[in-house]
Structure formats: C-alpha cells, structure tokens
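As a plain string of letters, each chain reads:
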Amino acid sequence: MLLQVLGTAAGGGVPQWNCACPGCSGARAHPGRRRRHASLAVRADDGRWYLVNATPDLGDQIEAHPVLHPGPRPRQTPIAGVVLTDAELDHTLGIWRLREADTLEVLATAPVRRAVDGRLNLGAVLGPYTTLTWRELERRGDQPLSAPAGTPAGAGLRISAVPVSGKRPRYAADAPEDDAWAVALRLYEPATGRTLLYAPAVAAWSDALHRAAAEADCVIVDGTFWDEEEPRRTGISSRTATGMGHLPVDGPEGTAGILATLSARCLYTHLNNTNPLVDPAAPQHKRLARLGLEVADDGMVIEL
Ligand SMILES: [Zn+2]
C-alpha cells in the first residue's frame, strides 16, 4: 500500500489566514513549516488513488504531488474518489473542487452522508456537473462499519471504520446523535496483508479502536493538541482538548503513552496551529522520538 501525505494541519491550516499566533507567524516566516489541511492519498492496486478527506487546499495538494496529476489523455485523472472520516468542513469542502470529474465516488458513514448531501447540498450542487456515487460504511452487528463488497470499485482495498466520536459539525449541531459522526478508517490491502488506521479526530480511546490499532501496520492519529489545556491557554477556546473532541498527545489523557505500546509505525497528524509541534525546533519532538513516535509531514510518502 502506498500513501501520500497531502496535509497534516487541523482546521485553518498552518498558517491560518486570520491568525498571527506564533505557529502561524512562524510558518509565514519559514514556508517550510507550512502545513495544509490534513489529508492522505492512498494508491489502490489498480493504480488509482483515493483521497482520504477532501480539504479546502485540495487544488494545491493535487498540484504539489505529481502522482495525482492527470494524463496521458487530456482529462484522464488517477483520482477515483474520496473516503471521509467525518463531515467537518475542513475534510469535505474539497469535494466541490472536483466538480470537473466525469464520475466521483464518495464513501462515508450514514450521518456523514446525510450532513454533506443534505445540509451542504453536495449532490444537488454537483449533480449538474458530475456523476456522484455515494457508498455507505454500513453497520453489521457489532463488527466495524464496512464498505459494501467490491467497493471502492476494483480498488483492491477493503475499507472499514471504527466510530471514534459522536461530535457533530457545527452546521449540523441539531442533527440526530450517532456514534459514527467521526470514524477511524481502516484500510486493508489483501494483496499485501497490510493495514493502515487513519483517525484525524479521536474523542475517546475505545476498546474497538485499540483492537484496530493493535492490528494495524501503520497508525496515523489525531495530534490536534499537545496537551489538555492548550486550547484554553492559547485563548482559542474556553474548552479543553477533550472538551473539543480531541484527545491530547501528552498527559494522563494523552495518546502518546498508548501509541508507544503498539508495534505499528505511529504518526501524529491534524496539528492545530497552537500545537508546539508545528515548530520543528520544539523540544516536544524529542519527547515523541524517545517514545518511538513520529509527526507526519506534508509530502511524506509511506509504503506499507
Ligand atoms: Zn495561528
């Protein structure tokens, strides 16, 4: 399985257009520190690529990665579709950028589909431009949510999902409760037996999530906040990290101690611009390295 990391920032990116915090200012002064919104591209065995979340930066992210460029025919694209972890604007707005596609497949859980298709009107808006096909990550008993057999079509990937958060996007705050508003995606490639677990938002570390992480070869998870108090200390919110739906990296609630016990290669992504990890010189990087953990970078290629 081949993964291309397209972005590693939480909502707003680094720098965020209206923010002059140290992380954002640092990225303006040092363009190498820039992080686009968190997203991955995953190559299936037929050579096509699936985007894991479609961000507002998608146009730039495609141009920055030649494997996603079109050709050899004038309108031939290697991008087959989009798999969503949740319905947040930062993970879905890029779908509209793909309106020039002939066809587009979007895979998501039922509440995410209802939010994006219903409240954001994706199907009604894109329908006149492209053929949009929704595939649902369905619940089957107590098994992880799974994609219908044979989808993504011919991709050689089996996609399932573990619920990780019932947090609804603000635009759907009054929508019905559901534990599958945000999921950890499990991408399994039968040809190689390799599994990726991708979870850019983790509100609680459940037993099901732990089992999925323990079975994976690579785990890429929520690194939004370094510690529980970061949102309050930096003045971006009156809530804590977990109050905002993100387990912090460090501290008693933190995920670093859990990830350090896994055999998988573990990387953090979805860094908020307040997270000290956006500064490559921050001592927190050494703390993680001592635990055998990594911070994903834009442009990173991961082969499993
Ligand atoms: Zn900032």
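Heads up: the structure comes first, above all this text.
All of these numbers come straight from a predicted model, not from anything done at the bench.

Rules used in this analysis
- Residues numbered from 1 in each chain as written.
- Predicted model: local features only at pLDDT ≥ 70, side-chain atom pairs only at ≥ 80, totals over all residues.
- Heavy atoms only, no water.
- Helix = DSSP H or I, 4+ residues; strand = E, 2+ residues; numbered from the N terminus.
- Rg over C-alpha atoms; globule rule 2.2 N^0.38 Å.
- Buried < 20%, exposed > 50% of the residue type's maximum accessible area, 1.4 Å probe, protein only.
- Areas by Shrake-Rupley, 256 points an atom, 1.4 Å probe, with all protein chains shown as cover.
- Arc of directions from axis to C-beta.
- Contact = heavy atoms within 4.5 Å.
- 1 Å grid on protein atoms, 1.4 Å probe; cavity = no way out; pocket = protein on both sides within 12 Å on 5 of 7 lines; lining within 4 Å.
- Points joined across faces, edges and corners; volume = space filled by probe spheres on them.
- Nonpolar A, V, L, I, M, F, W, Y, C, P; charged D, E, K, R; others polar.
- Pairing = 2+ DSSP bridges.
- Axes fitted to C-alpha atoms, helices over the stretch in contact; angles between N-to-C directions.
- Salt bridge = Lys/Arg side-chain N within 4 Å of Asp/Glu carboxyl O.

(A) Local environment of the overall build of the chain. Along the chain, the regular secondary structure elements total nine helices and 14 strands. In terms of overall dimensions, the chain is globule-like: its C-alpha atoms have a radius of gyration of 18 Å, near the 19 Å expected for 304 residues. Every one of the 304 residues in the chain was classed for burial, and the buried ones make up 52%. Here the chain displays about 13200 Å² of accessible surface, and carbon together with sulfur accounts for 49% of that area.

(B) Local environment of helix H4 (residues 110-119). By the burial criterion, the buried members of H4 are Pro111, Val112, Ala115 and Val116. One side of H4 carries all its buried residues, which in axial view fall inside an arc of 125°. The elements touched by buried residues of H4 are helix H3 (89-92), strand E5 (103-109), helix H5 (122-126) and strand E6 (131-137). At the exit of H4 stands Asn121, carrying a positive phi of roughly 60°.

(C) Structural detail: the layout of surface pockets. A volume near 960 Å³ is recorded for the largest pocket. Around the largest pocket, the lining comprises 35 residues; the ones closest to its centre are Gly11, Glu88, Asp90, Lys167 and Arg170. Per-element tally for the lining of the largest pocket: the top contributor is H3, with three residues. Here the residues of the lining of the largest pocket are counted per class, giving 14 nonpolar, 14 polar and seven charged. Roughly 810 Å³ of volume is contained in the second largest pocket. As for the second largest pocket, its lining consists of 25 residues, and the residues nearest its centre are Arg75, Thr77, Ile79, Glu100 and Ala101. When contributions to the lining of the second largest pocket are tallied by element, the ones reaching two or more residues are helix H2 (58-63), strand E4 (79-83) and E5. Looking at the lining of the second largest pocket element by element, the count peaks at four residues for H2. By residue class, the composition of the lining of the second largest pocket is 11 nonpolar, six polar and eight charged.

(D) Examining the sheet that holds E5 more closely. Taken in spatial order, the seven strands of this open sheet run E6-E5-E4-E3-E2-E1-E14, and their pairing is mixed. Strands with a single pairing partner mark the edges of an open sheet, and in this sheet they are E6 and strand E14 (301-303). Sheet twist, expressed as the average angle between the axes of neighbouring strands with direction ignored, equals 25°. Sheet strands in contact with H4 are E5 and E6, and its direction is about 130° off that of E5.

(E) Seen up close, the sheet that holds strand E12 (residues 265-269). One open sheet holds the seven strands; their spatial order is E7-E8-E9-E10-E11-E12-E13, and the pairing between them is mixed. The strands lining the two open edges of the sheet, one partner per strand, are strand E7 (145-146) and strand E13 (294-295). Relative to strand E10 (residues 194-199), strand E9 (residues 182-189) runs antiparallel, the two being bridged by five bridges. Across the sheet, the residue bridging to Leu187 is Leu196, located in E10.

(F) Here's a closer look at helix H1 (residues 22-29). Restricting attention to buried positions, one finds in H1 the residues Gly23, Cys24, Gly26 and Ala27. Viewed along the axis of H1, the buried residues span an arc of 160°, placing them on a single side of the element. Of the exposed residues in H1, those oriented more than 90 degrees away from the buried face are Pro22 and Ala29.

(G) Representation of the pattern of salt bridges within the structure. Going through the model one piece at a time under the given rule, you end up with 11 salt bridges. We note a salt bridge from Glu136 to Arg113, for which the minimum N-O separation is 3.8 Å. Here Glu136 is found in strand E6, whereas its partner Arg113 is found in helix H4, with 23 residues between them in sequence. Overall, Arg113 belongs to the partly exposed group, its relative accessible area being 29%.

(H) Spatial organisation of the pairing of strand E8 (residues 158-165). Among the eight residues that make up E8, six are buried, leaving the element largely enclosed by the rest of the structure. Pairing geometry for E7 and E8, over two bridges, is antiparallel. Bridged to Leu145 within E8 is Ala161. Across seven bridges, the pairing between E8 and E9 is antiparallel. From the neighbouring strand, Ser165 faces E9, where its bridge partner is Ala182.

Function cannot be inferred from these measures alone, as they are strictly geometric.
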